[in-house]
Structure formats: structure tokens, C-alpha cells
Amino acid sequence: MVAAIFLAERGTSVLILEHKEAPLKKLLMTGNGECNIAPARDISVENCYVSKNIEKVSEILSETCVDDLICFFAERGMPFRKVRDGYYPRGGGAAAVKKLLMLECERLKGNISIITGVGVRNIEKKDSFIIETKEGDYSSKTLLLATGGCSYKNTGSDGSGFLYLKDGLFHSIAKQLPALTAFTADDNALTAAKGVRTAAAVTLFVDGEPVRKEEGELQITDYGVSGICIFDLSLYYDDKRRCILSIDLLPEYGRDELIKSYKKLTETPYMRGRSFEELFTGLLSPKLSDVIIKRLGDRCDINSFISLAKDYRLNITGTKGFDHAQVTRGGILLSEINTQNMMSKRLKGLFFAGEMTDCAGICGGYNLLYAFTTARIAAMGIEKCLH
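Note that this is a predicted model, so its numbers are computed, not measured.

Trainee: Got a minute to help me understand the overall build of the protein in this structure?
Mentor: Helix and strand counts for the protein come out as 13 helices and 22 strands. Taken over the C-alpha atoms alone, the protein extends approximately 85 × 40 × 35 Å along its principal axes. Counting every position in the protein, which comprises 387 residues, the buried fraction comes to 53%. A separation threshold of at least 6 residues defines the contact pool for the protein, and within that pool the share at least 24 residues apart is 73%. Charge centroids of the protein, computed over 50 positive and 49 negative side chains, lie 1 Å from each other.

Shown next as C-alpha cells:
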């Protein structure tokens, strides 16, 4: 829709074919409805995005991409405010962003048409692109595919766009995996502490090698673990290899210093005679203390308790899947796309934007920034292609 607005303002007629009964349904879910539209900190592409062609992501996200996005909305009457590390609408959240985009489409209705509830059956390239639908066929000299990934299929992001590429538009596609989602685990002792939220530092090990470390609030659930730190780690999960989490439940303390401190405390009149459950009152949630004590059994002492709290190993059995994933990892290889205009290197006039390309970012506005930026680049590329 952002691409359509750019093009329509420059006099190009645009037809939007929307799979669902209304556009922008997934936008309403971003940031729990608050819509963190872009990060408010320096972007380190290699640390914030995952792609088989990460250097191509750097080419797409210029130094001014955040300012360009904020300016796009500000010019249309929507200011954003900086909250911690992100930019949010001054009022109204994701619903306000959707409304503004729809108002822009209405303003430009002479050049923008939207047809909803469209079931695309096939796309092929002849002299122009032919889009076959249940309601009839459409043709166009240029085509922008922005059908999303496979997450939250009830919003229309059901992976159907990839079928067109396999059947008639022939592009290489990196395996799609659910990302920014929770992990499932086989630790019944830990899941008994479901409902607990605690500060933690979590490291993902893949086949014994540390791959990524994240800090933040960890949520214990009845199926495993969740929270933003877990969501970000899920970008690096490999379903074909052994994945283990090392959870530091006391990230602000050093192991040796904490052991020394608590051994001294047990010698004071205030702490003498306390049970282990009582000894660590205020340090950890009682439920988490109980998990550690039960796991250690007869081996439980101050050294082993703190050591396990600093390095609790959790075997990951999988993720919560696409129905609970914010984004899709994988997609059309960026090596087959000209990042200067987002046009296919294989088919002239075919453009891509957003989540259906092989790029996924961590939480914090990175994915919306990428989606809007690729849409803007694609719009400028379409304009040049047509003129």
C-alpha cells in the first residue's frame, strides 16, 4: 500500500489485489497493536537481521531509511514519538497507521483501486503479467508481489505468494521457518513454574556452539519459554540440528561473587538455619528456586544452586510454529533481486517487497522498517520501469 501511494502521487495508476476482505490486517497486530514502526537506535544489519545474503540487506537499508519513513508519515499529519529504542505513533497505535494509509488511498482514488477478497489462481509472464483469479484475469506491465510470509495466516499472510514463484515465476526460495516466536521444551520441572516472568540472559547453542545471546524478560510457560529475548533467539533456531538454551537467571551477578556472598550470609544471625527455599527469598521467584532444588536433588548446596541458576540448560524441541510467529524467516533469495529497485533479475517488471524476501529482523521495528523501505524502493523502480 505504501508503494501504491508513492506511485499514485506521481501519476501512475495502481490496482491492489487484496487476498482478505480488508487490507492491512497484519499491521494491526504489530507491537501488540502499538506499532513500533522503526528502531530508534543505530542499525547494525548483521546483528539485527538474518538473511542468506546479509550484504544485500545492508544495500537496502540506507543510513537515512528511518528518517525517510518517519518523514513519510509526518508529511501526512502523523507524528511519531521516541519511546526507549523505538518510534511509535503519537496516538492511536497500529489502528491509526492503518487509517492514515487508507485515507491516503482514498485521497488518491483516481489512481488507486483496491479489490478485496481476491483468490489468485496463477500468475504468468507473457508480453505482460497475467494474474488469473476466481473473479477474472488482470494484466499489467509491472507486478509488485508483497504477499507476506507464512505467519498469522488468518491475516492473509499464508505463504501463497511463494506458490506463484514455484509454478510460473521461477525464483529460488530459502526455506521458510517461523521466527519471533516461542520455544517448546521437554523440561517438565521448568514448565511447572509456568506464569513466572524474570530477568534473564539466554544463550542459544546449536550443536554445542554458542550462536546468539539475548537479555530481557523471560517468560516460563506450560510448553517451554517465551519473551522478547526468546523471540529474537528464534531467528537463529535450526530445526535440523540440536539446539539448547543456557539460561542465566541472575544475569546481573557474577557466579563466584554470589557464592561467596551467600556463604557469608549464612553465617549471620539473620540467615542462620534457613532452608534453601528461604535462603534465596528475594533473589529468585519461589517457583524457580523450587525448580532448581528439585533438579539438583541431594546434590543441592549453595555452589550447585547458584551454578545452576547461572547456567540452566534447556533442551529445545521446536517452536510454536507459524500460527504464533510474528514473521517468517526465509523467502526469495535477495541474490536474485536488484536491491537498487527491488526488481527481479530473472523477470523484468517483477518487483518484490517485505516479508516474502529472505530477510527477517529482531523485535523492535526492524521488520516494519524493512517492509516500508523495500516498498518505497520498489515503487521508485516501477516508476522508472514504466517511464
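Trainee: Whenever I open this one, the sheet that holds strand E4 (residues 80-83) confuses me. Can you help?
Mentor: Strands pair in a sheet through their backbones, by hydrogen bonds, and they do so in one of two ways: parallel or antiparallel. One open sheet holds the 3 strands; their spatial order is E2-E5-E4, and the pairing between them is antiparallel. The open sheet has two free edges, formed respectively by strand E2 (38-39) and E4, since each of these has just one partner strand. Alignment of E4 against strand E5 (residues 86-89), held across 4 bridges, turns out to be antiparallel. Within the sheet, the bridge partner assigned to valine 83 lies in E5 and is glycine 86.

Trainee: Teacher, can you tell me more about helix H13 (residues 366-386) here?
Mentor: Residues spaced three or four apart along an α-helix face the same direction, because each turn holds 3.6 residues. With 21 residues, H13 extends 30 Å between its outermost C-alpha atoms, agreeing within 8% with the 30 Å of an ideal straight helix rising 1.5 Å per residue. Among the 21 residues in H13, 15 count as buried, and that is most of the element.

Trainee: I keep staring at helix H12 (residues 302-310) and nothing clicks. Help me out?
Mentor: Most of H12 is tucked away, with 7 of its 9 residues classed as buried. Residues of H12 that are buried make contact with strand E16 (243-248), helix H9 (255-265), helix H10 (276-279), helix H11 (286-296) and strand E17 (312-319). At the N-terminal boundary of H12, the capping side chain belongs to aspartate 301, with an oxygen 3.2 Å from the backbone nitrogen of asparagine 303.

Trainee: Would you take a moment to explain the side chain of threonine 328 for this structure?
Mentor: For threonine 328, the location among the structural elements is in strand E18 (residues 327-332). Its relative accessible area of 0% is what places threonine 328 among the buried residues. A distance of 3.4 Å separates a polar side-chain atom of threonine 328 from the backbone nitrogen of serine 151. For threonine 328, the contacting residues outside a window of four places in its chain are Gly149, Cys150, Ser151, Gln176, Leu177, Phe322, Glu355, Cys359 and Ala360.

Thresholds applied
- Residues numbered from 1 in each chain as written.
- Predicted model: local features only at pLDDT ≥ 70, side-chain atom pairs only at ≥ 80, totals over all residues.
- Heavy atoms only, no water.
- Helix = DSSP H or I, 4+ residues; strand = E, 2+ residues; numbered from the N terminus.
- Buried < 20%, exposed > 50% of the residue type's maximum accessible area, 1.4 Å probe, protein only.
- Contact = heavy atoms within 4.5 Å.
- Lys, Arg positive; Asp, Glu negative; His and termini not counted.
- Charge placed at Lys NZ, Arg CZ, Asp CG, Glu CD.
- Pairing = 2+ DSSP bridges.
- Expected span 1.5 Å × (residues − 1).
- Polar contact = N/O pair within 3.5 Å; in protein donor to acceptor, adjacent residues only side chain to side chain.

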